[in-house]
Every structure is written in C-alpha cells, then in structure tokens.
Amino acid sequence: MRHIGLLIVMPFILAALVFFATQDQPQTFKSKTRVYTGIATGSSIVSLEDAKFDLFATRAAFDNLINIINSRSTLEEVSVRLLASHLILSEAKEEIISAKSLRETKGIVPEEVMRLVVPNNLDKTVSNFKKYRDANHTNFLYELVNYNHPYYSSRKIGAQIKVMRVQSSDLIEVSYASSDPGVCKNTLQILVDVFIQEYTGVKVNQSDAVVAYFNNQLVHADQKLNKAEQELLQFNQSNTIINYYEQTKHIASEKEHFDLAYQELMRDNVGAYSVIAILEDKMSVRQKQFVNNTKIMDLRDELSKINGAIALKTYQEATDSIDEQNLIEEIAELRHHSALIQEELSNAINTQYIQENSDEGAPTDAILEEWLTKVIELESTKAKLKVGDIQKKEYNKLFSDYAPLGATMKRLERKIDVAEREYLSILHSLGLAKLKQQNIEMNSNLHVVSPPLFPIVAEPSKRKFLIAIAFMIGFIIPAFVIIVLDFLNTNIRTAERAEAFIGLKVAAIFPKIKGVSKKIDIEFIKKRGIDVIARRLILNTEKAKDKNKPDINLFFSSLDGEGKSTLLKLLLKKLAGVGYKVLYVTFDKTEEIEGIDTYGYTITKAFHRAEKISDLVPELNAGDLERYNYVFLEIPGILNHTYPINLFKTTDNSFIVTRANRSWNKSDSYSLQDIVEYSENKPQVLLNGVELVEMENVIGELPRERSFLRSILKSVIKFQFFSKRDLINKKKKNFLSNNFLLFLIPIIILPTLLINGGKSSNEENIWKTDNERLEYVPMLLNEQIDEDIQLINIDTLNYRVEKLDSSESFHELGSEFVQPISKYYLIGGSFSLKENAIAFHTRLQNIGFTPEYIKRDTNLHTVAIGIYKNYKEAQMVLDQYLQLNPESDAWIFNGDLGKK
C-alpha cells in the first residue's frame, strides 16, 4: 500500500512542480520563409537536353544547402548583423525589436562596443564589430556570440532554426522562433540574406577556381605548342627544308630518272666502244696506223674534254639570272667548239689516202666514217658518265642526309601534335568551365518566394506536454524502482512468498513493531494480529476429536531470534485474558507471566530423545496437563541446536516462527525437511515482523491519523465516495451531487498535492459507544451470557463436516477444507459478556441485517450476521458488511459450532 501511494502521489507531485515552474514561461513567436533553390528541376545552359533526375545528387545538394544554413560561420554572421541592426536604432521599431528587448540589449552592451556603432550604416558597423570580435576571445562580442544570449548567441539561434525541404519540391522552408516577434522576423530575414550570399559565394568560388585553373593551364599549353613549332622551324631552316615530304618525293623521282638515264649512257658507251673495236678489227694495218696517229688522237682527246666540259656546264645550276645567262653562253660556245673539232677530225681523215675497199670488200671510206661517228659518240658518253658519277654521288649523299632528317621531323611533328591536342583539350575544357560557371551563377541565384512575416500570435505553449511528461515520469520511475527493488529483494516479506519459499501453509502473520510511525495505532494492530493467531488455535481446537484433552502446540524456529518468545508471551496473555487455562513450557524461563503457569527445562544431552513434555519437565505428568486448555512448548532454533524430533509426533500442532525481513535459505529447508516428513500434521508458519501494509490483508484498514487529502485519495483509489454512516443509514444520494463529487476530486487533487491538510475529519465510528469501543473478539471470549437472548435450535440445522480430496469443490476454513452441505454461517463475533453480545446484536439489526445468536458448548456466545443456503450468498453479504465495517473479522463457516 505504501508503494501504491508512492506511485499515485509522485506523478502529481512532479506534475505540480512542473506546473509551478512553468507558470512564468515566456511566450514564443514563430515566423517562416520559403526559398526557391532550383536544385532538382532548375534550367541549365550546359545541355539543351532534359536533365536526368538524380535523387542522390539532389539530396546531397539540399544537404549542402541546409548545412550552410546551420554552419557556425553563417550563424555568427547572423548574430553580428542582428546586433548591429539593433544598436544602430535610435528608438525601438516593433518590426525589428521591441522597446523592452532593445533596452535590455543596450543595457548589457559596454561603452567601447557602442563606440563602434556607425549610425545609419549597417555594413560599416558590422565590419567594426567583426574586427573587434576577432581581436581576442575575451571581448564582449566574442562572448556574446558564443555564449547563451537568447537573441545573439549563435548556439541559441541555431537551436531555434528549423530547415526542411518542402516535400519533393525545389523549395526549402526556414523557420525561427523567439520570445520577441520583431527579433524573430528580423533574425529570419538576416539569416536568409546571409545564407543566400554564402551559398552563392561557395558555388561561384568553386566555378571561378575551375576557370582560373584552365586559364593557367591554357597559357602553359600555348607556350609549349609555340616552343615545339619554333623547334620545327629552326630544324627546317638549318636543313634547308621547305616541304620535307614533297622534297623527298621529288628527290626519289629524280633519282629514279637519273638511274634510267645513267643506265642508258652506260649502254651507249659500251655499244660505241664495241662498235669501234669491231671497226678497228676490219681496218688494215695502214688504216689503223692512220687513225692512231698523233693528230687524230689529239683531236679525240680535245673533243673528249670539250664534251666533258659541256656535260659539267649543263649539270651546273645558276644562282641568279646573270649567272644563268653566262652559263648558257659558255655552254653554247663549248658546243660550237665541239662541232669545229668534230669537223676538223672528219677533214683530217678524208684528206688522207684511203683505200677504196677493205679486205672483205667493204668500202674504206664507209668504215672510217662509221668509226668516226662511234668515236664521237664514245667520247660524248664518257663525258656524260663522268658527270653521272658525280651526280650519283650527290644523290647518295642527299639520301644519307635526308634519312635521319625524316625521323627528327617526325618527332618534332609528333611533339607539335601532342602540344596542339593538349592545347585544344584545355581550350575545350575552359569553354565548358566558363559555361558551367555561367550556369552555376544562374542557378545559385536563390529566390525568396515567401518572405518572413511579423508574427502576431504566440505559439501554443508546451506546458501541457511538460506536465504530462512529468506526470508519466513520476509514475514510471518509482514503478521501475519498486519493480527493481522488489526483484532484487530476496526476503520473505509476504505470506504468499513464505508459502512459496518454505512450502508450508501460513497460519497467521504478525506485524513489525519497531520503527512504526506514531500516527499508527500499533497497539491495536498488535492486538488484532494476536487475535488472528488465537483464532487459528481455537479453530484447531474446534476440529479436535477429543475436546476435553488439552491442545498441545509446539513453537520452534529455524534460527534463534525469530521472535517466537515475544509472540508466545503476547498470545499467552491474550488466551489467559479471555478465560483459558494456559501452560507455557520453555527452555528460557526469564520472567513470570501473570495468570499463566510457566515451566522451564534445561537442554541436556538427552534433549533430542524427548518424546513428551514430561521427558523435559518431569514434574508434569499427564494428569497435570488435563487441567489446561492449551499447552505451549517452545524449543530453540533447530538449525543451531539439536531438537527432539519425536515431540513433533506427540503434539497436536506445530508452528515454525520466522521473520519476514530475512531470506529463506537452503539450510533452512534442509533443517525443516525431517520435521515435515516425520510429523503427522505438517507444521504451520507464523510469519513475524511483516510490513504493516501486509496486515491490511488480514485485519483490514490500518488505524492511523490521516490528513484530509490522504482520506480523499484513499477513497478515490478504493472508489469509496460516501461515508460509512451514509451507507448504513441507506440515505439516497442525488445523482448530480455524486457526479459533481467525482468531477471535483481530480480538480482539487493536483493543487493540494503540495499542501498538507490538517487532521482528517474522520466520521464517528459506528462501532463505538459513548464511553468505550465495542470490543469483540471472534470465538475467543469465554464468559457467561444471560439467557434472555433467543437461542437458535441447532438441532434443526442440517450440516456435517467432511474432509475432501482435491477433485471436489470446497472452500477453505483454516488449514482444513469443509464441504458445504446445508447452511453457511456468517459469523460476526463470539463474546463472553452478555452486554457486548446484546449491543452487537442490536447494532446489526439497526443497519438492516437479521442477526442470530448461537449458544456454544464452550460457554462462548456467537452472533451470526446471517445464515444462508450457499457460500456465494454468504460471501455477498460478507462483502457488504465489510464495506460498512472494514475492521471486522467476520468470516464464513460451515460446520459444527459446538451447540449447547
């Protein structure tokens, strides 16, 4: 119950704290703007074709833009410009900053910063602020921009800026929230201007760098190309090359013609020489002598020289027109001279004496004429062959010179080609870069399609959500802590856990006495706890076959210090106080108990062999025990001491007392195992020192002083909105007033959570008389009652008690099970005083019940609230009765009440 109260109270406490902490929370104003970017679908001058949609590139572009907006440099620029725009104002303007905010701003700005302000010149003021801010990291502006000012801190501005892409469009939406509507609008406007400038600068700077790079590379490529071309020019000049390929082609063609002409000359020379040899063979000796004379040989030699000179002059080339004319005249003169020598040679031969016919009959003049012709031809071919040999050597030299020149020219041309292609490639890339630069400049021109507006309505407060969250946290955290602690706590704590750990049925529980709040009536709780234990003992006696025999109960524990002696002394006093004769046998007789016979025994070596009480206390024989109603035997802790196992067979009931605030170990189970197996009746557990909240399960609502708030809260938790007196008197409640109460309770709970009301105005307990509280202890008191109360004829009741097996329907009564056969008694209490029984009987009648009196054979006077045909009906009436009197120990019984 304490944990449930914590779970209920903590959410309200936290919610109330948040409620009061946020009651002065400033209003928040929000403004938005939309900017067209053209990133996804913008036009392009790079290509006339439709651009392909690249989702990844588009996302990257939007991310870049958003990151530029949220970058530190952008936010710091906005911060400085915002401050400058405020300080240059001579008076506040609502669309820029409110008068209150302006006063606060100027109140914190030092004089040295104010001197940097240039009236009506924002750019100059911003420039001065930046220089001052960047001077060091300890000045006012640096701290203002980087710390936590709500308007000028870059971190605060970044925290309030929200940037998002509008669906899948080219638009981005930028929003900003501030406590001042003017500051909100002005900040957003400055932010838009700054990030557009930053974004454009970044994009344009990128393209400018590319263009500058290609321009630089183009200059280098041009220089390289010019150098290669100059090398080729110098090579052609040094080697007298106009057109290498045409020249080599011409030289090859001329060489081919020369070779053919040279071969022809050689054939003519060889032919002439052969013919001359044949003709000389046909000549006579005289003719041979004649042609070989000195004059003719001189003329031949001179003719040969002149023909050679003509051939050389013909091969010679003129350098200019004058030289060419001279060369023509020389060749003409040489040819004329050659003709004269030929004529002279012919005349010399013809003037000599020549025979008319040769030896073969051929005319002599014909042989000499032909010989002369061949000689002239031979001399002519000899001259030409000499010139041909010279020309042949020149051709060979020319070919040997042109062969390496071709390779060198190829290398130079290839160098020029590479440089030219490099130059053209760079020139092409430069053109594309300039085109892209123009395209970027065109697309980087972001356009504001929805300017920021001046907000006039504040944003809804998050106070409700904070309170709701605080309420949830106030429930979740305590619940989590309770669950964790409960999970980690291995102590017995409750009766259910005791039965699970120990494996035996719990007969009764007894509360923890020490450390209890003074507001709780602990004496009453102790008394009720002892009453429950006593009732268990009496139930055991009622079920005994021989009721004239004393009920022997053995009390033991697993460890020493479990509280069995304290518990026994309270129980003995209770039983003795209501008229029972009680015997107490213990190993630790420390004090005498009034009205109780107490015997002590000593633990000897033979202690474990004891089979009956007389073995421990020889002066007590069987006859002595007959004088007592109850005999209680206490033995020390069985885990630390030896114990008489046979005593468990001779006792009627045995009870193991254990503390609730300790864990049950395997050693405890092992020590109990033999007793459970050896005893005819399994021991029952008396759980000592349980938390008071657990006692509510046995004795009902705990008697304590409660504040008005706690009383209402408890009523709400249990859905009990009316007092006991109202229910007993059966007053009718108006529907509207009832619902108004239900509506009013949640409203008053929250504000009153932090206020501790006074003492609760508890209503008068209907179970109290004017002078004393009506005391009734069910089935415990044993006094005489007057005979003027009507008796029930027990003989007319049809009932019986049977033990059941687990397959049959039953309801639990103590540790036994009884099968309902005919009548169910709703027992309200058993009394020893007539006056108490009469008063209780009368009160039951006054609240609408039909009570009955049952005279017991044990001189007890039992008052039944009612007698019913089935268990369900009796349970319904019991629930109704407990609503009226939660502290009651009323119970249902089906069996022999012991009539008299």
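Residues numbered from 1 in each chain as written. Predicted model: local features only at pLDDT ≥ 70, side-chain atom pairs only at ≥ 80, totals over all residues. Heavy atoms only, no water.

1. Remarks on the overall build of the protein chain
- Of the regular secondary structure elements, the protein chain holds 28 helices and 17 strands.
- For the protein chain, the proportion of its 900 residues judged to be buried stands at 41%.
- In the protein chain, of all internal contacts separated by at least 6 residues, the share reaching a separation of at least 24 is 77%.
- Summing over all exposed atoms, the protein chain offers an accessible surface of approximately 50600 Å²; the carbon and sulfur share of this is 53%. (Helix = DSSP H or I, 4+ residues; strand = E, 2+ residues; numbered from the N terminus. Buried < 20%, exposed > 50% of the residue type's maximum accessible area, 1.4 Å probe, protein only. Contact = heavy atoms within 4.5 Å. Areas by Shrake-Rupley, 256 points an atom, 1.4 Å probe, with all protein chains shown as cover.)

2. Brief notes about the sheet that holds strand E11 (residues 684-690)
- A sheet is described by the order of its strands in space; here 7 strands give the open sequence E5-E11-E10-E6-E9-E7-E8, paired in parallel fashion. Each edge of the open sheet is held by one strand with a lone partner, namely strand E5 (506-511) and strand E8 (597-600). Strand-to-strand twist in this sheet, taken as the mean axis angle between neighbours without regard to direction, amounts to 20°.
- Two strands pair when backbone bridges link them, and E5 and E11 are joined in this way by 5 bridges, in the parallel orientation. What sits directly across from Ala508, in E11, is Leu686.
- Across the face of the sheet, helix H23 (residues 692-699) comes into contact with E5 and E11 while running at roughly 130° to E5. (Pairing = 2+ DSSP bridges. Axes fitted to C-alpha atoms, helices over the stretch in contact; angles between N-to-C directions.)

3. Focus: the sheet that holds strand E1 (residues 29-36)
- Reading across the sheet, the 4 strands line up as E2-E3-E1-E4 and stay open at both edges, with antiparallel pairing between neighbours. Both outer strands of the open sheet, strand E2 (161-165) and strand E4 (447-450), are each paired with one neighbouring strand and no more. On average, each strand axis in the sheet is inclined to that of its neighbour by 30°, with strand direction left out of account.
- Note that E1 and strand E3 (residues 171-178) share 8 bridges and pair antiparallel. Its bridge partner being in E3, Arg34 is matched across the sheet by Glu173.

4. Some points on a positive patch on the surface
- Taken together, Lys30, Lys32, Lys162 and Lys462 make up a surface patch of like positive charges.
- Among the structural elements, Lys162 can be located in strand E2. (Patch = residues over 30% accessible without salt bridge, like charges linked within 9 Å, V, L, I, M, F, W, Y side chains within 5 Å. Salt bridge = Lys/Arg side-chain N within 4 Å of Asp/Glu carboxyl O. Lys, Arg positive; Asp, Glu negative; His and termini not counted. Charge placed at Lys NZ, Arg CZ, Asp CG, Glu CD.)

5. Description of the nonpolar core
- Counting 69 residues, the largest nonpolar core has Leu571, Leu575, Phe632, Leu633, Ile635 and Leu686 as its most contacted members.
- Tallying contributions element by element places helix H17 (residues 522-542) first for this core, with 8 residues.
- Apart from the residues within four sequence positions on either side, Leu571 is in contact with Ile530, Ile533, Ala534, Leu537, Phe555 and Phe632.
- Core analysis: the second largest hydrophobic core is formed by 46 residues, Leu65, Leu83, Phe140 and Ile157 among them. (Core = buried A, V, L, I, M, F, W, Y, C linked by side-chain atoms within 4.5 Å.)

6. Description of helix H22 (residues 666-678)
- End to end, H22 covers 19 Å across 13 residues, agreeing with the expected 18 Å (1.5 Å per residue, within 8%).
- Among all positions of H22, only Asp668, Ser671, Leu672 and Ile675 are buried.
- Looking at the packing, one finds that the buried side of H22 touches helix H16 (495-502), strand E6 (551-556), helix H21 (647-650) and strand E10 (653-659). (Expected span 1.5 Å × (residues − 1).)

7. Topic: helix H3 (residues 72-87)
- Helix length check: H3, at 16 residues, gives a terminal C-alpha distance of 22 Å against a target of 22 Å (1.5 Å per residue), a fit within 8%.
- Buried residues dominate H3, accounting for 14 of its 16 residues.

8. Quick notes on the confidence of the model for the protein chain
- Per-residue confidence for the protein chain gives a mean pLDDT of 76; residues scoring 70 or more make up 75%.
- Segment residues 353-362 is flagged for pLDDT under 50; beyond a separation of four residues in sequence, or across chains, it makes 19 contacts in the model.
- A low-confidence stretch, residues 723-821 stays under pLDDT 50, and its non-local contacts, those more than four residues away or across chains, total 202 contacts. (pLDDT = per-residue confidence, 0-100.)

9. What about the pairing of strand E14 (residues 824-831)?
- Burial analysis of E14 places 8 of its 8 residues in the buried class, the great majority of the element.
- In this structure, E14 lies alongside strand E16 (residues 861-868), joined through 7 bridges in antiparallel fashion. Looking across to E16, one finds that Tyr825 is bridged to Ile867.
- In the sheet, E14 pairs with strand E17 (residues 891-893) via 3 bridges, with the strands oriented antiparallel.

10. A short note on the packing of aromatic side chains
- Scanning the entire structure with this criterion turns up 13 aromatic pairs.
- Ring geometry for Tyr601 against Phe607: centres 5.7 Å apart, planes inclined by 15°, an arrangement best described as stacked.
- Taking relative accessible area as the criterion, Phe607 reaches 1% and is therefore assigned buried.
- Ring centres 5.9 Å apart and planes at 80° place the aromatic pair Phe849 and Tyr881 in the edge-to-face group. Of this pair, Phe849 sits in the loop between helix H27 (834-846) and strand E15 (852-855) while Tyr881 sits in helix H28 (residues 871-884); the two residues are 32 residues apart in sequence, bridging distant segments of the chain.
- On the basis of relative accessible area, Tyr881 is assigned to the buried category, the value being 0%.
- An aromatic cluster of three or more residues is present, and its members are Phe555, Tyr580, Tyr630, Phe632 and Phe655.
- Between Arg463 and the ring centre of Phe19, over which it is positioned, the NZ or CZ distance is 4.4 Å. (Phe/Tyr/Trp six-rings, centres within 6.5 Å; stacked < 30°, edge-to-face > 60°. Lys NZ or Arg CZ within 6 Å of the ring centre and 35° of its normal.)

11. Some points on the pattern of salt bridges
- In this structure the tally under the stated criterion is 19 salt bridges.
- A salt bridge links Glu173 to Arg34, with the nearest nitrogen and oxygen atoms 3.0 Å apart. A residue pair is termed long-range when its members are at least 10 positions apart, and Glu173 in strand E3 and Arg34 in strand E1 qualify at 139 residues.
- Classification of Arg34 by relative accessible area gives partly exposed; the value is 32%.

12. Observations regarding unusual backbone geometry
- Backbone geometry at Asn120 places phi at a positive 60°, although glycine is not the residue there.
- Taking the relative accessible area as the measure of exposure, Asn120 reaches 76% and is therefore exposed.
- One non-glycine residue, Arg493, lies in the positive phi region at around 65°.
- Along the chain, Arg493 turns up in the loop between helix H15 (463-488) and H16.

13. Observations regarding the environment of Leu567
- Note that Leu567 resides in helix H18 (residues 564-577).
- For the pair Leu567 and Phe555, spaced 12 residues apart in sequence, the C-alpha to C-alpha distance is 9.9 Å.

14. What to know about a nonpolar patch on the surface
- Taken together, the side chains of Phe465, Ile469, Ile473, Ile477, Phe480, Val481 and Leu485 present a nonpolar region at the surface, about 700 Å² in accessible area.
- With respect to the secondary-structure elements, Val481 resides in helix H15.
- You can call Val481 partly exposed: its relative accessible area is 39%.

15. Structural notes on the packing of H3 against helix H6 (residues 122-135)
- Contact geometry for H3 and H6: axes closest at 9 Å, N-to-C directions at 125°. What the angle tells us is that H3 and H6 run oblique. In this structure, H3 meets H6 at a crossing whose hand is right-handed. In contact with Glu76, Glu77, Val80, Arg81, Leu83, Ala84, Ser85 and Leu87 of H3, H6 contributes Leu122, Asp123, Thr125, Val126, Phe129, Lys130 and Arg133. (Parallel < 35°, antiparallel > 145°, perpendicular 65-115°, else oblique. Left-handed = near helix turned anticlockwise from the far one by under 90°.)

16. Thoughts on the pairing of E2
- In the sheet, E2 pairs with E3 via 5 bridges, with the strands oriented antiparallel. Across the sheet, the residue bridging to Met164 is Glu173, located in E3.
- Here E2 folds back onto E3 in antiparallel fashion, the turn holding 5 residues, of which Gln167 has a positive phi close to 50°.

17. Comments concerning the environment of Arg165
- Its location among the elements puts Arg165 in strand E2.
- When the C-alpha positions of Arg165 and Val35 are compared, they lie 9.8 Å apart, and in sequence the two are 130 residues distant.
- Apart from the residues lying within four places of it in its own chain, the contact partners of Arg165 are Ala40, Thr58, Phe62, Leu171 and Ile172.
- A distance of 3.1 Å separates a polar atom in the side chain of Arg165 from the backbone oxygen of Ser168. (Polar contact = N/O pair within 3.5 Å; in protein donor to acceptor, adjacent residues only side chain to side chain.)

18. Description of the packing of H3 against helix H4 (residues 99-108)
- Packing of H3 against H4 brings their axes to within 10 Å, and their N-to-C directions diverge by 105°. With respect to H4, the element H3 is oriented roughly perpendicular. Counting all contacts with H3, which are made through Leu83, His86 and Leu87, the residues of H4 involved are Leu102, Thr105 and Lys106.

19. Focus on the side chain of Asp180
- Within the fold, Asp180 resides in the loop between E3 and helix H9 (181-238).
- Despite its burial, Asp180 pairs with no opposite charge, the nearest such side chain being Lys100 at 8.8 Å.
- Side chain to side chain, Asp180 and Ser101 meet in a polar contact 2.6 Å long.
- Setting aside residues no more than four positions away along its own chain, Asp180 makes contact with Phe29, Ile97, Ser98, Ser101 and Tyr151.

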